Amino acid sequence: MFPSAQKSTAIITDQFQRPLHDLRISVIDRCNFRCNYCMPEEEYPRHYNFLKKNEWLSFEEILRLVRLFASLGVEKIRLTGGEPLLRPNLSELIEKLSKISGIDDLSLTTNGSLLKEHASALKNAGLHRLTVSLDTLDEKTFQKMNGGKASVNEILKGIEAAEKAGFDSIKINSVIQRGVNDHDILDLVKYFKGTGHIIRFIEYMDVGNCNHWDLKDVVPSKEIIALINKHFPLKPAESNYYGEVASRYLFVDGTGEVGFISSVTQPFCGTCTRARLSTDGKFYTCLFASEGKNLRVPLRSGASDEELFNLIKDVWSKRVDKYSENRYLFRSLKEKSHKVEMFQIGG
Ligand code: SAM
Ligand code: SF4
Ligand code: SF4
């Protein structure tokens, strides 16, 4: 599908020749939702000991690191969390990020609950693209999945506000869990079909340590594709770019597209070009990693740009992560080992 497995602009590659191309930044580890698959309420009650403000990377520190990452080949930045819209003055960061040379794609993933009030500011600050997570249109199921923190209507209003602010082709992320929200797949498809927005069904993953993941709760993308295809015929489409995580399908009737992120049943580690930066400045090379390289310590103890550049380069060039391709081996070997939580490094 791609002329070459390696992007020509890449400055560094890892041990499997994968370039460093994307950086996901968790701008805050807190969240106003308690999704059962990410941050279940019983594990993360309201007064959980989240990072203190002085532990967060400052905007200046984030900007400095992004400039260095850009010089190593990063072209895409995604802001995430926790819930990124809880980070005070986020638009100021976006405005500055949008001006960094080499960054040609700046996006944000949000649960949508605060979008109504923030959508125009995000657009005006220069955010290119938006992803909104919405797992179901069924109110009862939604409440059950997010810990009773918001209604479907609030999220739909947020999406509407984003449209009005000028965001088009919004991606809608839906994590499907068997017996929880799989009954609502077709309603989600019907709702977003023809709107220009792109719904993407995500296989439920074993991220972090507290969602009690079980393979039997995963609905394989193949099953979802077959279901949708029966009601709304689909045809596969080519990837837009090297390393795209979602497999794309178009509705045969020309009313748009739908995506599938099949990290469990069809892992895509071979083309994974994504690095992650946690709120407290740790650099992770895989969503399922246990450890990240602490960049905040050198940042705050006077390291030069060259030293930081070399640190990042060194970590990426030694990277051997392929967790999803070897999930069952890792799960048995690392049964008791601690993985980073998704809200600390972002999805
Ligand atoms: N709070 C924001 C949100 O929910 O969109 C951004 C952070 S959230 C960690 C990023 C994405 O990760 C969301 O789309 C969420 O649905 C997805 N996610 C979280 N836990 C997951 C899991 N166990 N399996 C698959 N996707 C997951
Ligand atoms: Fe919060 Fe997003 Fe995790 Fe849900 S998926 S708990 S909205 S960080
Ligand atoms: Fe990338 Fe790790 Fe996910 Fe594989 S498991 S696609 S290496 S983040």
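Reading the values: the criteria
- Residues numbered from 1 in each chain as written.
- Chains lettered and ligands numbered in written order.
- Predicted model: local features only at pLDDT ≥ 70, side-chain atom pairs only at ≥ 80, totals over all residues.
- Heavy atoms only, no water.
- Core = buried A, V, L, I, M, F, W, Y, C linked by side-chain atoms within 4.5 Å.
- Buried < 20%, exposed > 50% of the residue type's maximum accessible area, 1.4 Å probe, protein only.
- Helix = DSSP H or I, 4+ residues; strand = E, 2+ residues; numbered from the N terminus.
- Salt bridge = Lys/Arg side-chain N within 4 Å of Asp/Glu carboxyl O.
- Contact = heavy atoms within 4.5 Å.
- 1 Å grid on protein atoms, 1.4 Å probe; cavity = no way out; pocket = protein on both sides within 12 Å on 5 of 7 lines; lining within 4 Å.
- Points joined across faces, edges and corners; volume = space filled by probe spheres on them.
- Nonpolar A, V, L, I, M, F, W, Y, C, P; charged D, E, K, R; others polar.
- Near = heavy atom within 4 Å.
- Polar contact = N/O pair within 3.5 Å; in protein donor to acceptor, adjacent residues only side chain to side chain.
- Areas by Shrake-Rupley, 256 points an atom, 1.4 Å probe, with all protein chains shown as cover.
- pLDDT = per-residue confidence, 0-100.
- Pairing = 2+ DSSP bridges.
- Right-handed = clockwise from strand over helix to strand, strands pointing away.

One recurring pattern in soluble globular proteins: nonpolar side chains tend to sit buried together. Counting residues in each nonpolar core, the largest one holds 109 residues, and the members touching the most others are Ile77, Leu79, Phe201 and Ile228. Ranked by the residues each element gives to this core, the list is headed by helix 1 (residues 59-71), at eight residues.

We now examine the pattern of salt bridges. Taken as a whole and assessed by the stated rule, the structure comprises 20 salt bridges. Notably, a salt bridge pairs Arg327 with Asp206, separated by 2.9 Å at the nearest N-O pair. You can see Arg327 sitting in helix 10 (residues 327-333) and its partner Asp206 sitting in the loop between strand 6 (198-203) and helix 7 (221-231), a full 121 residues away along the chain. Summarising the burial analysis for this pair, Arg327 and Asp206 share the class buried. Of the charged contacts in the structure, one is a salt bridge between Lys318 and Asp314, with a shortest N-O distance of 3.0 Å. Asp314 sits in the partly exposed class, given a relative accessible area of 35%.

Tracing the backbone through its elements, the reader meets Thr273 in the loop between strand 9 (257-261) and strand 10 (274-277). Once residues lying within four places of it in the same chain are set aside, the contact partners of Thr273 are Pro19, Leu20, His21, Asp22, Tyr242 and Trp316.

Applying the stated rule across the entire model yields two cavities of 30 Å³ or more. Counted as a void, the second largest cavity has a volume near 40 Å³. Lining the second largest cavity are Val189, Phe192, Lys193, Gly194, Gly196, His197, Ile199, Phe251, Thr255, Gly256 and Glu257. Its residues assigned to classes, the lining of the second largest cavity comprises four nonpolar, five polar and two charged.

What follows covers the site of ligand 1. Close to ligand 1 lie 20 residues, the nearest being Tyr37, Gly82, Ser133, Met205 and Met342. Within the backbone of Tyr37, one N or O atom sits 3.0 Å away from a nitrogen atom of ligand 1. A distance of 3.2 Å separates an oxygen atom of ligand 1 from a polar atom in the side chain of Asn173. Alone, ligand 1 offers 550 Å² of accessible surface; in the complex the protein occludes 95% of this. Taken together, the elements giving at least two residues each to the shell around ligand 1 come down to strand 3 (105-110), strand 5 (171-176) and strand 6.

Time to look at the confidence of the model for the chain. Averaged over all residues, the pLDDT of the chain equals 93, while 96% of them reach at least 70. For residues 1-8, every residue scores under 50 in pLDDT, and the model assigns this stretch 13 contacts once sequence neighbours within four places are set aside.

Here strand 2 (residues 76-80) lies mainly inside the structure; five of its five residues are buried. Relative to strand 2, strand 1 (residues 22-26) runs parallel, the two sharing five bridges. Within the sheet, the bridge partner assigned to Ile25 lies in strand 2 and is Leu79. Where the polypeptide runs from strand 1 across helix 1 and back to strand 2, its parallel neighbour, the crossover connection is right-handed. When strand 2 meets strand 3, the two strands line up parallel, connected through four bridges. Note on strand 3: the bridge partner recorded for Lys76 is Asp105.

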